[in-house]
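Here are the chains, one letter per residue:
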Amino acid sequence: MLVPQDMVTVQSKTIFQINKYYAEKVQVRMGNIALVLREICKIVQEVLREVEVQEPRFISSLVECNGRYEGLEVISPTAFEVVLYLNQMGVFNFVDDGSLPGAAVLKLSDGRKRSMSLWVEFITASGYLSARKIRSRFHTLVAQAVEKCPYRDMVKLVPDTTEVKLRIRERYTVQITPAFKCTGIWPRSAAHWPILNIPWPHPALVAEVKTEGFDLLSKESVILQGKNANVEGDAWLLHFTEAENRLLQGGYRKRCLSILKTLCDRHLELPGVPIGYYHLKTLLLYECEKHPRETEWDAGCVADRLNGIFLQLISCLQCRRCPHYFLPSLDLFKGKSPSVLDNASKHVWRLCRDILTSSKAFDRL
């Protein structure tokens, strides 16, 4: 099929504009964040080193590998999360019965004695390994470590929360979250994935993702509020970052995500923080299902994919619901007020309209 010359010209201009934006804005943002990460990871590693001296069960897993830090996630240019992987989960069964959407519990295996566990004092009378008790102990250790570490003049523990959050140079916030890595198993609550009769992801990639598994995090969450207080404290949150990252390999998927994050930083920092990187990443995964062919993720399709994601975001904001990719019963907008979501919808629409109607939009963005 012949394509009219003016359409080819418009597409070429759009590709040029997006590549220019990526070079001038996206890569600069990534470079700046990389510099920040080097500084804050050095400080966090020092704090965790001191924690390990006090309590050898909390061994730091924050190590640099191939230019990236294991277990570190960028939440915003000034907010980060470090997942601290604990070891020896072996004597516990993973219980995912659906009673706590987005969460599960770890229960002593039948016949196992508490004394066989490395985490004996954090096991409840019912045999559950309490996420809250482990977090509380870790919080105490970090508070002591901050006082002893060489960087104590520039780092402090954020008060009035059970979370372990460090404030560094009065500018950056780093949450350190105890976690267990669950490899070789897949949660029952995500058993519907992948949806049948959708060609993406390829079965080989699905097998890879499920073998990689998921993480269980000890952290507060709006999704657990209002549940049984005891169960809520014992529960661990399901976390799929590595699985998600693996799915986004190939084509321009990761480049799309980097552009989305940059646009979010520059235009979607809104009151009530309705939109975060994770919402954009989630909608990017749904966009991958809608456009399963690799040819739909080349340079010439990036603008269409960005528009598709923004239109889906507007729809989610207006419906006031954004389903988690692996756990669709989980609403990522839970806890956000309707007025905050409505305001965000208007801002996203203005941004989307600009991209849709102007070939020079990226010069202004």
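Everything discussed here concerns the structure shown above.
What comes next is a walk through the structure. (Residues numbered from 1 in each chain as written. Predicted model: local features only at pLDDT ≥ 70, side-chain atom pairs only at ≥ 80, totals over all residues. Heavy atoms only, no water.)

**Notes on the overall build of the protein chain**
For the protein chain, the helix and strand inventory stands at 10 helices and 11 strands. The C-alpha atoms of the protein chain give a radius of gyration of 22 Å, which matches the 21 Å a tight globule of 365 residues would have. Overall, the C-alpha framework of the protein chain stretches about 75 × 50 × 40 Å when taken along its three principal axes. Burial status across the protein chain gives 48% buried among its 365 residues. Taking the intrachain contacts of the protein chain between residues at least 6 apart in sequence as the baseline, contacts between residues at least 24 apart amount to 67%. For the protein chain, the exposed surface amounts to about 17600 Å²; the carbon and sulfur share of it is 53%. The protein chain carries 48 positive and 40 negative side-chain charges, and their two centres are separated by 2 Å. (Helix = DSSP H or I, 4+ residues; strand = E, 2+ residues; numbered from the N terminus. Rg over C-alpha atoms; globule rule 2.2 N^0.38 Å. Buried < 20%, exposed > 50% of the residue type's maximum accessible area, 1.4 Å probe, protein only. Contact = heavy atoms within 4.5 Å. Areas by Shrake-Rupley, 256 points an atom, 1.4 Å probe, with all protein chains shown as cover. Lys, Arg positive; Asp, Glu negative; His and termini not counted. Charge placed at Lys NZ, Arg CZ, Asp CG, Glu CD.)

**Quick word on the packing of helix α8 (residues 302-319) against helix α9 (residues 338-357)**
α9 packs onto α8 with a crossing angle of 160 degrees between their chain directions and a minimal axis gap of 9 Å. Put simply, α8 runs roughly antiparallel to α9. α8 and α9 meet at a crossing whose hand is left-handed. Where α8 approaches α9, its residues Asn307, Phe310, Leu311, Leu313, Ile314, Leu317 and Gln318 are matched on the opposing element by Leu341, Ala344, Ser345, Val348, Trp349, Leu351, Cys352, Ile355 and Leu356. (Axes fitted to C-alpha atoms, helices over the stretch in contact; angles between N-to-C directions. Parallel < 35°, antiparallel > 145°, perpendicular 65-115°, else oblique. Left-handed = near helix turned anticlockwise from the far one by under 90°.)

**What about the state of the cysteines?**
On inspection of all chains with the given rule, the structure shows 0 disulfides. In this structure cysteine 256 is a free cysteine whose sulfur lies 8.3 Å from that of cysteine 288, the closest cysteine sulfur available. The structure places no disulfide on cysteine 301, whose sulfur is separated from the nearest cysteine sulfur, that of cysteine 256, by 9.4 Å. (Disulfide = S-S within 2.5 Å.)

**A closer look at the pattern of salt bridges**
Opposite charge on two side chains allows them to pair when their charged atoms are near. Within this structure, the stated rule accounts for 22 salt bridges. Among the salt bridges present, the one from glutamate 55 reaches arginine 137, with a minimum N-O distance of 3.8 Å. Placement of glutamate 55 in the loop between α1 (5-54) and β1 (64-65) and of arginine 137 in helix α2 (residues 131-148) is noted, with a sequence separation of 82 residues between them. We note a salt bridge from glutamate 244 to lysine 281, for which the minimum N-O separation is 3.3 Å. On the criterion of sequence distance, the pair formed by glutamate 244 in helix α5 (residues 241-247) and lysine 281 in helix α7 (residues 277-290) is long-range, its members being 37 residues apart. (Salt bridge = Lys/Arg side-chain N within 4 Å of Asp/Glu carboxyl O.)

**So, the pairing of strand β3 (residues 72-76)**
Inspection of the sheet shows β3 paired to strand β4 (residues 79-85) by 4 bridges, in the antiparallel sense. Bridging across to β4, valine 74 finds its partner in phenylalanine 80. Between the end of β3 and the start of β4, which pair antiparallel, lie 2 residues. (Pairing = 2+ DSSP bridges.)

**Details of the nonpolar core**
Among the nonpolar cores identified, the biggest contains 117 residues, and Leu129, Leu166, Ile259, Phe310 and Phe326 are the most heavily contacted of them. The element that contributes the greatest number of residues to this core is α1, accounting for 14 residues. With residues up to four places along the chain from it excluded, the contact list for phenylalanine 310 reads Leu260, Leu263, Leu268, Val348, Leu351, Cys352 and Ile355. (Core = buried A, V, L, I, M, F, W, Y, C linked by side-chain atoms within 4.5 Å.)

**Observations concerning a nonpolar patch on the surface**
The grouping of Leu311, Trp349 and Leu356 at the surface amounts to a nonpolar patch, some 280 Å² of accessible area in total. Within the fold, leucine 311 resides in helix α8. Taking the relative accessible area as the measure of exposure, leucine 311 reaches 40% and is therefore partly exposed. (Patch = residues over 30% accessible without salt bridge, like charges linked within 9 Å, V, L, I, M, F, W, Y side chains within 5 Å.)

**Concerning the environment of glutamate 287**
Within the secondary structure, glutamate 287 sits in helix α7. Each C-alpha atom, one on glutamate 287 and one on glutamine 312, is 8.8 Å from the other, the two residues being 25 residues apart in sequence. Contacts of glutamate 287, omitting those with residues within four sequence positions, involve Trp297, Asp304, Arg305, Gly308 and Ile309.

Functional significance is not addressed by these values, which are geometric in nature.
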